[in-house]
Amino acid sequence: MKALILLAGLLFMGHGHCESVPIEKLIGTWGSSDDGGKTFWGFDQYFANGTIKSWGTLPESDKSFRVEAQYRIKVKFGTFACLTVTQSQPYMEFVGESWCDEILEVTDSIFKYRTDDGVITTLYRQVQ
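Sequence order as written defines residue numbering, which begins from 1 separately in each chain. This being a predicted model, a pLDDT of at least 70 is required before a residue's local features are given, and a value of 80 or more before pairs of side-chain atoms are given or counted; all residues contribute to the totals for chains, interfaces and linings. The side-chain values count all of the structure's non-hydrogen atoms but skip hydrogen atoms and water molecules.

Undergrad: Account for the nonpolar core, with residues named and values stated.
TA: The definition of a nonpolar core used throughout is a set of buried Ala, Val, Leu, Ile, Met, Phe, Trp, Tyr and Cys residues joined through side-chain atoms within 4.5 Å. Buried means the residue's accessible area, taken with a 1.4 Å probe over protein chains only, is under 20% of the maximum for its type, while exposed means over 50%, and partly exposed covers the values in between. Judged by nonpolar contacts, the single largest core of 21 residues is most densely connected at Trp30, Tyr46 and Phe111. By definition, any uninterrupted DSSP run of H or I lasting at least four residues is a helix, any uninterrupted run of E lasting at least two residues is a strand, and each is numbered from the N terminus. Among the elements of the structure, strand S5 (64-75), strand S6 (79-89), strand S7 (98-106) and strand S8 (110-114) are those that each provide at least two residues to this core. Broken down by element, this core gets its largest block of residues, four residues, from S5.

Undergrad: Got a sec to walk through the pairing of strand S2 (residues 28-32)? Specific residues and values, please.
TA: Most of S2 sits out of view: five of its five residues are buried. Pairing of S2 with strand S3 (residues 42-46) involves five bridges; the strand directions are antiparallel. Residue pairing across strands places glycine 31 opposite phenylalanine 43, the latter belonging to S3. Here, any two strands with at least 2 DSSP bridges between them count as paired. Two elements, S2 and strand S9 (residues 120-125), share three bridges in a ladder whose sense is antiparallel. Looking at S9, one finds that tryptophan 30 is bridged to arginine 125.

Undergrad: Can you break down the pattern of salt bridges residue by residue, with the values?
TA: What counts as a salt bridge is simple: a side-chain nitrogen of Lys or Arg found within 4 Å of a carboxyl oxygen of Asp or Glu. By the definition in use, this model includes two salt bridges. We note a salt bridge from lysine 25 to aspartate 108, for which the minimum N-O separation is 2.8 Å. Of this pair, lysine 25 sits in the loop between strand S1 (6-9) and S2 while aspartate 108 sits in the loop between S7 and S8; the two residues are 83 residues apart in sequence, bridging distant segments of the chain. Judged by its relative accessible area of 24%, lysine 25 falls in the partly exposed class. Accessibility expressed as a relative area gives 58% for aspartate 108, which makes it exposed. Linking glutamate 102 and arginine 114 is a salt bridge whose minimum nitrogen-to-oxygen distance equals 3.3 Å. Placement of glutamate 102 in strand S7 and of arginine 114 in strand S8 is noted, with a sequence separation of twelve residues between them.

Undergrad: Quick rundown of the sheet that holds S3? Include the residues and the values.
TA: With antiparallel pairing, the eight strands of this closed barrel are ordered in space as S2-S3-S4-S5-S6-S7-S8-S9. Between one strand axis and the next, the sheet turns through 35° on average, direction left out of account. Across five bridges, S8 lies against S9 in antiparallel orientation. Among the inter-strand pairings, lysine 112 is bridged to a residue of S9, identified as threonine 122. Axes, fitted as lines to C-alpha atoms, cover a helix only where it is in contact. Angles between the N-to-C directions of the axes lie from 0 to 180 degrees.

See the structure below:
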């Protein structure tokens, strides 16, 4: 499910550098890609009100998904994006799930984070 949202996975710069990155950098739509941003299989849209909407088609199964969650930024020994799933289709069993991912970098074009199992993911900003 983490791959669906992180959405995301996932929200700012870790290792003590996040304080200088405004939350506005996160707001917008980010694309999940397996080929460096050439094609996209999922999207995460972050809103200033602390919500996120994610949608797409899982590459390993060709099944589509739609997820809504609430997020918050937590700064303690790094900077983390913490999410709680509020709606999920068709995978309803994920509603209520929560986790935090460490934010490594957010720029005008990329959003990079690390999951709790060490996987680093890069999302690509979508121009609207």
